[in-house]
Amino acid sequence: MNQNYLHKMIATSKGKSSEAVNYDSLFDLRLATNITLIKNLYFSLYPESNCTKDFEKLIALLPKLFKNRPIDLKKQDLNRLNEGNWYQSEHIVGMQLYVDHFNKDINGLADKIEYFENLGVNFLHIMPITTRPKAENDGGYAVNSYTEVDKKYGTKKDFLSLTKKLRSKNMFLMIDFVVNHTSDEFSWAKKAIEGDKKYQDYYYIYPNREIPDAFEQTLPEVFPETAPGNFTYNEEMQQWVMTVFNSYQWDLNYSNPEVFVEMLTNLIKLADLGVDVIRFDALAFLWKKLGTNSQNLPEAHALISLFRMCLQVVAPGVILLAEAIVAPTEIIKYFGENEMEGNECEVAYNATLMALLWDSIATTKTQLLNKSIQYLPIKPKDATWINYIRCHDDIGLGFENQDIYNLGLDAQEHRKFLLNYYCQKLDWSSAKGQLFMYNPKTGDGRITGSAASLLGLETGIEKKDKKLIHTAIQKIKMLHSIILSYGGIPLIYAGDEIGTLNDYSYLKDSSKKEDSRWINRPHQNWKVIETFVKKETPQSTIFNEIKNLISIRKKTPIFADHNNTILHQYDNPHLLIFERTSKDQRVLVVCNFDTTSHSIEKYWLHKIDFILNEKSKDLVTNKSIFLINNSLQVGAFEFYWILKN
Ligand code: GLC
């Protein structure tokens, strides 16, 4: 039972009393419920011997933060405690977008709410909108502030009116909290540069290379091509600063308790703007320790839980998403482990599923996907995934080498094949991706490109090849059918719902041209969308199919996430088969990743007790499902959602 469950119990019992809700007394109860955990986590990071005063400061801060929380959000927090976990519902379907690329600015985005409603999207992840350096800024992930809106997006007032509007429509909003680093223009960094010792201690700053060199022994490089190494020399300070990402992104030093308190305040200010889910950016990197790779450290988990436990006291309706694009067995730990199970982040990216789907497309085989997912630990019951195909970042091949070896394959050769397949190194591949951050030292590389271009639509259109276009559309539909049925929040990347191709315009912009992730950060093409009513195009076909899948998902309660996904192992290397199950209903999801058709034998369907009868139908087409010659046929890149009552 996690802490949130206790808060629900308390809120429900108090809500039953006839007296008007006393928000302050519920706050006191939440604080009393979490304080021992907060204390234990805090002193596991900051020694009790000299941090008692800092701890007292933190505890005194929480009521002040609560006092500032707007009353309508306090009400919403209580409603959320009284309801089930909204984020596990089959009704939730998300979209990730850049505000300016979608429709100019915040107000422009608000004008498009109808578009989301028409498609069925009710959860938005908007990319950073706060102030950032004018030149390179990593798409806003180099922050000059945590809550001040950059004027190119509008004003804070616009943002508040957007969050209010979304609330009134029962839509949810997710935004980033860039928790690991600030830009080098952030007020703390500026003061550090001016020589202020207090703020120099907010970062990892060293007078010479001694400690940086020691760190470099074990720290990997995130952007080896454009930002090699993990430290940057600052001429003005004449000191070395830790910059794990880009040279202008300074890593925050959480071993300093002041940093934690300041960042907690920033986090809660962000929540107070009416944000429902806070994306903890790059959270695997939060704690640095000499002699380690400084990723996924136990201290980082304690720190995230500490943020979580404090946020829960102040704003219990706000939840956290872990942006941990790390090894499969590490990702799951961000839901909290052992006695902290369910007390870290409620949501995490299912980066493992995402990367393995791309593996299956390239190889036409699902063995690695099946084998890798099969043995992953089950997530806590109150946690959920974000299932996605593409996002604003690259595709990292983040699966375990051991799983590749277990299939009798050479891991290095396999990864090389994937890079070649997607990055235009194989004549026969229709994928049009780019190689990202290739590291010749290790042979590691990642892939950029839009879903449609990676799946062959760009090549098909260029060559006017109808078959290629058809295959690409099938693949796009099939991958979306998986994220919409797998269990968790499906997050569609804006543009993918209309098959948007690569955007090469970044090459003309000096602040972007070194970062090929911009190829998959396109502008929403409203002109194309306008044509949908008049004619059928590949784009309209994709849009209508995704819209149909969304509406079916929402009508099918079994698609809510209750840890009710069962992966089936059938002896065919090209099929992915999983089941969503409940007491009185089952849905079998079947996908064929191959270029030819495959079949599932009747005896096997009997073995899993999925006996098809005249009532069995495919939810997607609403057609009956029949066996032909005692087997179920699945065409090339075809998929079914077979319902059995
Ligand atoms: C996350 C973001 C990525 C950014 C990085 C550094 O991984 O998704 O776009 O470059 O954090 O903030």
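Residues numbered from 1 in each chain as written. Predicted model: local features only at pLDDT ≥ 70, side-chain atom pairs only at ≥ 80, totals over all residues. Heavy atoms only, no water.

### Looking at the side chain of Arg80
Okay, step 1: With respect to the element layout, Arg80 can be found in helix α4 (residues 71-82).
Okay, step 2: The class of Arg80 is buried, set by a relative accessible area of 13%.
Okay, step 3: A distance of 3.0 Å separates the side chain of Arg80 from the side chain of Asp276, its partner in a polar contact.
Okay, step 4: For Arg80, the residues in contact, after removing those within four places along its chain, are Lys8, Trp86, Phe172, Asp276 and Gly317. (Helix = DSSP H or I, 4+ residues; strand = E, 2+ residues; numbered from the N terminus. Buried < 20%, exposed > 50% of the residue type's maximum accessible area, 1.4 Å probe, protein only. Polar contact = N/O pair within 3.5 Å; in protein donor to acceptor, adjacent residues only side chain to side chain. Contact = heavy atoms within 4.5 Å.)

### Points about the site of the ligand
Okay, step 1: With respect to spatial proximity, the complete set of residues near the ligand consists of Asp138, Tyr141, His181, Phe223, Phe245, Gln249, Arg279, Asp281, Glu323, His392, Asp393 and Arg517.
Okay, step 2: Contact distances for the ligand include 2.6 Å between an oxygen atom and a side-chain N or O atom of Asp138.
Okay, step 3: Glu323 places a side-chain nitrogen or oxygen 2.9 Å from an oxygen atom of the ligand.
Okay, step 4: Protein chains shield 95% of the accessible area of the ligand, which is 300 Å² for the free molecule.
Okay, step 5: Looking at the shell around the ligand residue by residue, the classes come out as three nonpolar, three polar and six charged. (Near = heavy atom within 4 Å. Areas by Shrake-Rupley, 256 points an atom, 1.4 Å probe, with all protein chains shown as cover. Nonpolar A, V, L, I, M, F, W, Y, C, P; charged D, E, K, R; others polar.)

### Re the sheet that holds strand β18 (residues 586-592)
Okay, step 1: Across the sheet, which stays open at both edges, the six strands sit in the order β16-β17-β18-β23-β20-β21 with antiparallel pairing between neighbours. Every interior strand has two partners, whereas the edge strands, β16 (565-568) and β21 (623-624), have only one.
Okay, step 2: Direction of pairing for strand β17 (residues 575-581) relative to β18: antiparallel, over a ladder of seven bridges. By the bridge assignment for β18, Ile577 is matched with Val590.
Okay, step 3: Lying on the sheet, helix α16 (residues 367-374) is in contact with β16 and β17; it crosses β16 at an angle near 130 degrees. (Pairing = 2+ DSSP bridges. Axes fitted to C-alpha atoms, helices over the stretch in contact; angles between N-to-C directions.)

### Re the sheet that holds strand β7 (residues 239-242)
Okay, step 1: If you trace the three strands from one edge of the open sheet to the other, you get β5-β7-β6, paired in antiparallel fashion. Taken across any chain shown, the strands that pair with only one partner, and hence form the sheet edges, are β5 (205-206) and β6 (231-234).
Okay, step 2: Of the strand pairs in this sheet, β6 and β7 are connected by four bridges, and their pairing is antiparallel. Residue pairing for β7: Thr232 is matched across the bridge by Val241.

### Some remarks on the pairing of strand β19 (residues 598-601)
Okay, step 1: Of the two faces of β19, the one holding His598 and Ile600 is buried and the one holding Ser599 and Glu601 is not buried anywhere.
Okay, step 2: Sheet analysis places β19 next to strand β22 (residues 631-634), joined by four bridges and oriented antiparallel. In the strand pairing of β22, Glu601 is matched with Ser631.

### A short note on the layout of surface pockets
Okay, step 1: There is about 640 Å³ of room inside the second largest pocket.
Okay, step 2: The wall of the second largest pocket is formed by 38 residues, among which Ala135, Glu136, Asn137, Asp138 and Ser511 lie closest to the centre.
Okay, step 3: At the level of secondary structure, the elements contributing two or more residues to the lining of the second largest pocket comprise α5 (99-103), β6 and β13 (434-439). (1 Å grid on protein atoms, 1.4 Å probe; cavity = no way out; pocket = protein on both sides within 12 Å on 5 of 7 lines; lining within 4 Å. Points joined across faces, edges and corners; volume = space filled by probe spheres on them.)

### Notes on helix α23 (residues 538-555)
Residues spaced three or four apart along an α-helix face the same direction, because each turn holds 3.6 residues.
Okay, step 1: Taking 1.5 Å as the rise per residue, α23 with 18 residues should run 26 Å; its terminal C-alpha atoms sit 26 Å apart, in good agreement.
Okay, step 2: Of the positions making up α23, those classed as buried are Gln539, Ser540, Ile542, Phe543, Glu545, Ile546, Leu549, Ile550, Ile552 and Arg553.
Okay, step 3: At its buried positions, α23 is contacted by α7 (113-119), α20 (457-462), α21 (466-483), β15 (489-493), α22 (526-530) and β23 (639-644). (Expected span 1.5 Å × (residues − 1).)

### Some thoughts on empty space enclosed by the protein
Gaps between atoms show up when a probe of the same size as a water molecule is rolled over them.
Okay, step 1: Within the structure shown, the criterion is met by nine cavities of 30 Å³ or more.
Okay, step 2: Lining the largest cavity we find 13 residues, and of these Asn4, Arg80, Tyr87, Pro316 and Ile319 sit closest to its centre.
Okay, step 3: The set of elements that each furnish at least two residues to the lining of the largest cavity consists of α1 (3-15) and α4.
Okay, step 4: Of the residues in the lining of the largest cavity, the class split is five nonpolar, four polar and four charged.
Okay, step 5: Put simply, the second largest cavity is a space of about 80 Å³.
Okay, step 6: At three residues, strand β3 (residues 172-177) tops the list of elements feeding residues into the lining of the second largest cavity.

### Focus on the pattern of salt bridges
Okay, step 1: Going through the model one piece at a time under the given rule, you end up with 32 salt bridges.
Okay, step 2: With its nearest N and O atoms 3.4 Å apart, the salt bridge here joins Asp150 to Arg132. With Asp150 in the loop between β2 (123-126) and α8 (156-168) and Arg132 in the loop between β2 and α8, the pair connects residues that are 18 residues apart, well separated along the chain.
Okay, step 3: Given the relative accessible area of 9%, Arg132 is considered buried.
Okay, step 4: Salt bridges here are not isolated pairs; linked through shared partners, they connect Asp138, Asp393, Asp515, Arg517 and Arg521. (Salt bridge = Lys/Arg side-chain N within 4 Å of Asp/Glu carboxyl O.)

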